[in-house]
2 protein chains.
Amino acid sequence: MAERSPVHKRGPNGALPAGARVAAATRRNGGRPAGLGVLEGHLGYYLRRAQVSVFQDFIRTLASIDIRPAQYSVLIVIGSNAKLSQADVAHLLGIERARLVRLLDRLEKRGLTQRLPSPTDRRSHVLKLTPAGQQTLKRAKALAAAHESRLAERLGPAHHRMMIEALRDFEL
Amino acid sequence: MAERSPVHKRGPNGALPAGARVAAATRRNGGRPAGLGVLEGHLGYYLRRAQVSVFQDFIRTLASIDIRPAQYSVLIVIGSNAKLSQADVAHLLGIERARLVRLLDRLEKRGLTQRLPSPTDRRSHVLKLTPAGQQTLKRAKALAAAHESRLAERLGPAHHRMMIEALRDFEL
DNA sequence: GGAAATTGTTGTCATGAGCAACAATATCGG
DNA sequence: CCGATATTGTTGCTCATGACAACAATTTCC
């Protein structure tokens, strides 16, 4: 193993490399390496950072079609289940009905989804993808698959699948 | 294994049980069970849901001392490393300097942290916990430990540790 | 038939991420 | 040593998201 050099040169753009900052903080800290303390024992902390990192990549990946994770999840669920109501979708995704209303407002304004009157319940809407919505979803799926591949590659496919299974029916 | 009864009675409060909603949606869906579609292959989706669930429990657990996850992480890092600057803390936690400024404003207003002038750099602040801050952090740690125990129990201790290790050095 | 619940909707508030700009200060390169 | 360039803390904005409360219309329960 080649030891990383302790010489911290400022990059061409002058950005302070992470190693330099940690080293400086360690020095100030009387020799003990600067770290996260008890935080390193908290799963929630790492879940958060991982989730943010994954979402950032997802957003970057689908930026060309301007679809964010929440929008993607709505399109997927509507596209995978016929005649769902808004309450159904909100419940499936674990989000508030109020939040879904606003998501659908925007998707509908973009011509991707439709709210049809339910034939059996006049309070309710039957949700549907427009042809444009189906088209967009198709492209979204392709991009999302690329994103997921990157993730699987980064974690190792076995690890990747294991984490999905571990989290699948997680609910505190 | 006792099969769950397919009879969906409305609860005393009238709330529609999850099983009933899924069953109804399934019926509308021509027999295929209503589900999350391709979403079930996306780690990010489950990471998100798990993270939200864990944070909700954390917030509930520390509600008595009014400390939220972000505030907790700042207190921990300051308490674990002497003489960190704001840029150091922001970098360690992976948050924006601007965000940390506002977090510290509130913690300082509550008398939990201090910004001392750095003796070596007049742009910079040396961050410190006040005695009150140390006290609050101590109680926060106790409560957070209880939260983490619940989590470990829910996942199984082995699973729990494995997930932390898997996520520890994750960065897309 | 009346009480109670559900559905979609609107409004409001708080948290959080991300970006841009700024003055003060420090560092780099020649 | 000096000027160019970076960093530091800060402020101001915008946007996404979560959480709650209230509401009218409608449905369901008893």
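Scroll up a little and you will see the structure.
In this report, the structure presented in the accompanying data block is examined. (Residues numbered from 1 in each chain as written. Chains lettered and ligands numbered in written order. Predicted model: local features only at pLDDT ≥ 70, side-chain atom pairs only at ≥ 80, totals over all residues.)

### With respect to the interface of chain A and chain B
Cut-off, in case you're wondering: Two residues qualify as a contact pair if the distance between their C-beta atoms, derived from the backbone, is within 7 Å. Under the scheme used here, helices are H or I runs from DSSP no shorter than 4 residues and strands are E runs no shorter than 2 residues, and both carry numbers assigned from the N terminus. Each residue gets one of three labels, nonpolar for Ala, Val, Leu, Ile, Met, Phe, Trp, Tyr, Cys and Pro, charged for Asp, Glu, Lys and Arg, and polar for the others, Gly among them.
Chain A puts 57 residues into the contact, and the matching count from chain B is 57 residues. Residue assignment for the side of chain A that touches chain B shows that the elements contributing at least two residues are helix H1 (18–28), helix H2 (43–61), helix H3 (69–80), helix H4 (86–93), helix H6 (131–155) and helix H7 (157–168) of chain A. Counting residues per element, the side of chain A that touches chain B draws most heavily on H2(A), which supplies 14 residues. Looking at the side of chain A that touches chain B residue by residue, the classes come out as 28 nonpolar, 17 polar and 12 charged.

### Looking at the environment of Ala87(B)
Residue and element names in this part refer to chain B. Our working rule: With C-beta atoms placed from the backbone, a residue is buried if 20 or more other C-beta atoms are within 10 Å of its own, exposed if 12 or fewer are, and partly exposed between those counts.
Within the fold, Ala87 resides in helix H4 (residues 86–93). On the basis of neighbour count, Ala87 is assigned to the partly exposed category, with 16 C-beta atoms found within 10 Å. Residues Ala87 and His125, spaced 38 residues apart in sequence, show a C-alpha to C-alpha distance of 9.1 Å.

### What to know about the relation of the copies chain A and chain B
Here is the rule: When the copies are superposed, the least-squares fit draws on C-alpha atoms of residues that have pLDDT of at least 70 in both.
It takes a turn of 180° to lay chain A on chain B, together with a shift of 0.0 Å along the axis; the resulting RMSD is 0.1 Å. In symmetry terms, the pair is related by a two-fold rotation axis. Within chain A, Leu47(A) has its C-alpha nearest the rotation axis, a separation of 3.2 Å. Interface overlap between copies is the fraction of interface residues in one copy that are interface residues in the other; for chain A against chain B it reaches 100%, indicating a shared surface.

### Quick word on the packing of H4(B) against helix H5 (residues 97–109) of chain B
Residue and element names in this part refer to chain B. To keep things clear, this is the line we draw: Think of each axis as a best-fit line through the C-alpha atoms, taken over the contacting stretch in the case of a helix, with angles from 0 to 180 degrees between the N-to-C directions. Each angle receives one of four descriptions, namely roughly parallel if under 35 degrees, roughly antiparallel if over 145, roughly perpendicular if within 65 to 115, and oblique otherwise. Should the near helix be turned anticlockwise from the far one by less than a right angle, the crossing is left-handed, and should it be turned clockwise, the crossing is right-handed.
Look at H4 against H5: their axes get within 9 Å of each other, and the N-to-C directions meet at 110°. On the basis of the axis angle, H4 is roughly perpendicular to H5. At the point where H4 passes H5, the crossing takes the right-handed sense. From H4, Gln86, Ala87, Val89 and Ala90 reach across to H5, where they touch Arg97, Leu100 and Leu104. Class assignment of the residues belonging to the contact of H4 with H5 gives a composition of five nonpolar, one polar and one charged.

### Remarks on unusual backbone geometry
Excluding glycine, most residues fall at negative phi; most peptide bonds, likewise, are trans. Residues and elements named next belong to chain B. With a phi angle near 55°, Asp66 is a residue other than glycine that sits in the positive phi range. By secondary structure assignment, the location of Asp66 is in the loop between helix H2 (43–61) and helix H3 (69–80). Judged by the 10 C-beta atoms lying within 10 Å of it, Asp66 is exposed. If you check the backbone angles, Lys83 has positive phi at about 60° while not being a glycine. Overall, the presence of 21 C-beta atoms within 10 Å leaves Lys83 in the buried class.

### Regarding helix H6 (residues 131–155) of chain B
So the rule is basically this: Expected helix span is taken as 1.5 Å per residue step, with the number of steps being one fewer than the number of residues.
The end-to-end C-alpha distance of H6(B), which contains 25 residues, comes to 36 Å, matching closely the 36 Å that a straight helix rising 1.5 Å per residue would cover. Turning to H6(B), its buried residues number three or more, namely Gly133(B), Thr136(B), Leu137(B), Ala140(B), Ala144(B), His147(B), Glu148(B) and Leu151(B). In this structure, the buried side of H6(B) is in contact with H2 of chain A together with H2, H3, strand S1 (113–117), strand S2 (125–129) and helix H7 (157–168) of chain B.

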